[in-house]
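Now for the letters of each chain:
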Amino acid sequence: MIMSAKVDTSLPLEYQTEQDRMNILGFWVFLGAEIVLFATLFGVYGVLYERFAGGPTHKDIFVIKDVMIQTVLLLTSSFTMGIAIFEMRRHNLKGLIIWLVITLALGAGFLFMEINEFIHYAHEGATMQTSAFLSSLFVLLGTHGAHVTLGIGWATMVIIQLLKRGLTPTTARKTFIIGLYWHFLDVVWIFIFTFVYLKGLVA
Amino acid sequence: MKAKITMEVTIMSIKWDEFFITGDPLILGSQIAIVLTMIGAVAGITYLKKWKYLWTEWLTTVDHKKIGMMYIISAVLMFFRGGMDGLLMKAQTAQPEMGFLDSQHYNEIFTTHGVIMILFMAMPFLIGLMNVVIPLQIGARDVAFPQLNALSFWLFFSGAMLFNISFVIGGSPDAGWTSYFPLAGKEFSPGIGNNFYAVALQIAGIGTLMTGINFIVTILKMRTKGMTLMKMPMFTWTTFVTSILIVAAFPIFTVALALMTFDRLYGTHFFTVSGGGMDMLWANLFWLWGHPEVYIVALPAFGIFSEVISTFSRKSLFGYKSMVFSILGIALLSMVVWVHHFYTMGSGPAVNSFFSITTMAIAIPTGVKMFNWLFTMRKGRIKISSAMLWALAFVPCFVIGGVTGVMLAMGAADYQYHNTLFLVAHFHYVLIPGVVFAVFAGLYYWWPKMFGFMLNEKIGKWHFWLFVIGFNVTFMPMFFLGLNGAVRRAYTYSAESGFAPLFMLSAIGSIILAAGFAVFCYNIYWSIRYADRNISSDPWDARTLEWSTASPVQFYNFAKLQEVKSLDPFWHMKKKNEGLTLYDSEIEEIHMPSNSWLPIYMGVIFGIAGFLLVFEWHIAAALAAIGIFAGLIIRSFDYNEGFHVKKDEIHRIENAWRKTEGEVHDHVS
């Protein structure tokens, strides 16, 4: 719903209508719920992470080089997403779309690496069914990976709408919100990198 | 030969032999009744040519008032279902060694009774009232996200229906409403019954989470001019804090249910005994959500009592600020008490002491609220309407629940009470006065606002007395049974135990309770047929903004958005005769959202995907899930910007109800 009557042009495009401001606030609240969701998954991992049940341990399966590449890909994508929003604020549609596409390419690269990582684990005999440690590892990583996948699909929709409609308060708001989502996934990854991989290697 | 049959029935892992539940006369009767009711409903709607009306006015609506009513109707139906479960349990335990239900059937019934009453009766009833009332109380024209609101409803409805069909198709969950592991795991509950629990609650839970987000934004951003946070009506405050609790707690349940699904469907080891899993992790996650959930239903109920007591005492709420701070205190404490549900887990004295203290501390802000209600009534000109009766009965009954709660809060003593009927009596004394009395109070109070006529006050009093007496006769004996050692969830007991007289008394009470509910249904029927349609839009001489507009409320709620200067704004408007008249010059075009078929579509497709997942038909479920993504994509490309209500139409509607206002009948006093 758009309150077309009240457009405050002194604000950035995505904040100009009341409905868009509410959508953005609503999304922040949703991210609050997402924080609780991931916190619970981290809690579960924290409880189960040394319950190997005779199966492989962290050191047996983690390949730190690949994890580093994943990390660099995802962190860079968060930076490029920042540039995309910066271009949006400059009303540069072309720049916005280019940087969004770069962001998604980096995200897809991350996903490719993560899927390979899972295949590697499975070859090592480490599946979700092996032990409580691996169940919680796969579900934590998998939930994050599913979020990235969904984000790529969703951002693609937004790019199509940007191409079709250009920059309007509505498309700007949609772009801004996917930006928030993308940065959030990056923050979650930092915790995964620290509390899953680094902690696993020093354990 | 036998091997061949087994192979045949598990082709494509479809378990056809487990599809329909057969062999139980009670369930067979229900199956027939369900089919007949459905045929009857379809035939009736077709005969009356109401399909189009149903589709355009209700199924695709995004109007918060209609969504609220659909929530309430569903909740009343679920109340009936959950109540039948309760009566069956009471019949089974009325005498020692009864053979009415076998142990398996009894397990299923106490499980569905708990789940349905909490998640599909209490929650939607309250969310329904919130939906109807909150936008009106804050002087807004809808919620922040009307279409999301409809989606919330349809996901709840979808989850509720999925859960309810379990007893005729596939088998009911049977591990208790708490579904503790390892019992609820595949090892000990190999059927698909508990899959229904995991999947149906997941779908309904997503809907609830969205409701929480929606109401937080609505209340923060859509209050009318001048309504600061500390000028909000108390029901709005409690809804706001409840919404925060929903956002903070429901994702935990989402994760817990997802892990349960993984354990049951995909062989993971989160809560299993083997493979390094930890069964008590489930109990912790469940109650990390489950305890805040108790307050998610209790807080809005407190809000309803605050409105009702203030209106019928004809006084402002006593101690408004302390009310607000005690709500916040209760909400905060509710997040740090979950271990009191399993002191017997053996966490040790230090942990148990911590949770004992936090639990007992909740009695302080709750006590503050109790005294505030009492002081609101003090020196008030109290009118004993049906709504007020429920609020009056709430006070002593809830205190019994609260005091026994403090008894249970003591970790050491709890080892005696744990798993007995004492606990069952306690939480029924909290939830029935705390929630059920509240939704009845709220329904009697807001009914004229929703429908433009009142529920009959005289029948309402029969409803009240039967229900309250029945409630006390049912649950009071259970305190003593529990102290004497009767355990909960046991399908029978021996004659030597000496429990028989109190169990019989409790069963008699449940019949009185059921009679109360029947009178309530009769009241709805009677009032729809015979109640006076010519009543004022403010029949109770009430205090908040929802009473300043028409009854039933026009679809745009308010022709002009009010400016608020104080608490109880409508009361002051009436006293000072300010802002009640609408001038032609004040009428402007109003923007409203359009109806949408997407929410109901999403409800249906979630239901189908969920159903297939319950039966572990993974490929079919994945195909159905494509439908979910299709819905999301359609929504992303949906640029419907709603419509504008023309000045003429507003003029006509406002004239119609304002003109008759002068010549209406006064309310029943």
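Residues numbered from 1 in each chain as written. Chains lettered and ligands numbered in written order. Predicted model: local features only at pLDDT ≥ 70, side-chain atom pairs only at ≥ 80, totals over all residues. Heavy atoms only, no water.

Colleague: Describe the interface of chain B and chain A, with residues and values.
Modeller: The interface of chain B with chain A comprises 39 residues on the first partner and 39 residues on the second. Looking at the side of chain B facing chain A, the largest losses of area belong to Lys-221, Phe-637 and Tyr-639 of chain B, adding up to 19% of the total buried there. In this assembly, chain B and chain A are joined by zero salt bridges. If you look at where chain B meets chain A, you find 10 residue pairs in polar contact (both at pLDDT 80 or more). If you list the elements that add at least two residues to the side of chain B that touches chain A, you get helix H7 (193-221), helix H8 (234-266), helix H9 (279-313), strand S1 (590-592) and helix H20 (618-636) of chain B. At nine residues, H8 of chain B tops the list of elements feeding residues into the side of chain B that touches chain A. (Contact = heavy atoms within 4.5 Å. Buried area = accessible area lost by both parts, 1.4 Å probe. Salt bridge = Lys/Arg side-chain N within 4 Å of Asp/Glu carboxyl O. Polar contact = N/O pair within 3.5 Å; in protein donor to acceptor, adjacent residues only side chain to side chain. Helix = DSSP H or I, 4+ residues; strand = E, 2+ residues; numbered from the N terminus.)

Colleague: I'd love a proper account of the nonpolar core, names of residues and values included.
Modeller: Core analysis: the biggest nonpolar cluster contains 266 residues, and Leu-137 of chain A together with Phe-120, Tyr-197 and Phe-437 of chain B have the highest contact counts within it. Looking at which element gives the most residues to this core, the answer is helix H15 (residues 421-451) of chain B, with 20 residues. With residues near it in sequence (within four places) discarded, Tyr-197 of chain B still touches Val-115, Phe-163, Pro-173, Gly-176, Trp-177, Thr-178, Ser-179, Phe-253, Leu-257, Met-260, Trp-282 and Phe-286 of chain B. (Core = buried A, V, L, I, M, F, W, Y, C linked by side-chain atoms within 4.5 Å. Buried < 20%, exposed > 50% of the residue type's maximum accessible area, 1.4 Å probe, protein only.)

Colleague: Got a sec to walk through the pattern of salt bridges? Specific residues and values, please.
Modeller: Residues and elements named next belong to chain B. Tallied over the entire structure, the rule returns 19 salt bridges over all chains. Of the charged contacts, one joins Asp-85 and Arg-81 as a salt bridge, the two residues approaching to 3.5 Å between their closest N and O atoms. One end of the pair, Asp-85, and the other, Arg-81, are both in helix H4 (residues 64-92), four residues apart, so they sit about a helical turn from each other. By the burial criterion, Asp-85 is buried, and Arg-81 matches it. Overlapping salt bridges bring together Arg-314, Asp-538, Asp-541 and Lys-574 as one network.

Colleague: So, helix H10 (residues 320-334) of chain B: which residues are in play, and what are the values?
Modeller: Residue and element names in this part refer to chain B. Compared with the 21 Å implied by 1.5 Å per residue over 15 residues, the 21 Å span of H10 between its first and last C-alpha is a close match. Those residues of H10 not exposed but buried are Tyr-320, Met-323, Val-324, Ser-326, Ile-327, Ile-330, Ala-331, Leu-333 and Ser-334. Contact partners of the buried residues in H10: H8, H9, helix H11 (349-361) and helix H12 (363-377). (Expected span 1.5 Å × (residues − 1).)

Colleague: Talk me through the packing of aromatic side chains; I want residue IDs and the actual numbers.
Modeller: Residue and element names in this part refer to chain B. Evaluated as defined, the whole model comprises 87 aromatic pairs over all chains. Relative to Phe-394, the ring of Trp-373 has its centre 5.3 Å away and its plane inclined at 80°; by these criteria the two rings are edge-to-face. Highlighted residues: Trp-373 in helix H12 and Phe-394 in helix H13 (residues 386-409), separated in sequence by 21 residues. Between Phe-555 and Tyr-556, the aromatic rings sit 5.3 Å apart at their centres with planes inclined by 75°, giving edge-to-face as the arrangement. Positioned above the aromatic ring of Phe-453, the side-chain terminus of Arg-533 is 3.9 Å from the ring centre. Positioned over the ring face of Trp-571 is Arg-543, at 4.3 Å from the centre of the ring. (Phe/Tyr/Trp six-rings, centres within 6.5 Å; stacked < 30°, edge-to-face > 60°. Lys NZ or Arg CZ within 6 Å of the ring centre and 35° of its normal.)

Colleague: Describe the side chain of Ser-510 of chain B, naming the residues involved and giving the relevant values.
Modeller: All names here are of chain B. Looking at where Ser-510 falls in the secondary structure, it is placed in helix H17 (residues 500-530). For Ser-510, a relative accessible area of 6% translates into the label buried. Among all residues touching Ser-510, those that are not within four sequence positions of it are Leu-87, Lys-90 and Thr-474.

Everything listed is a geometric property; what it means functionally is a separate question.
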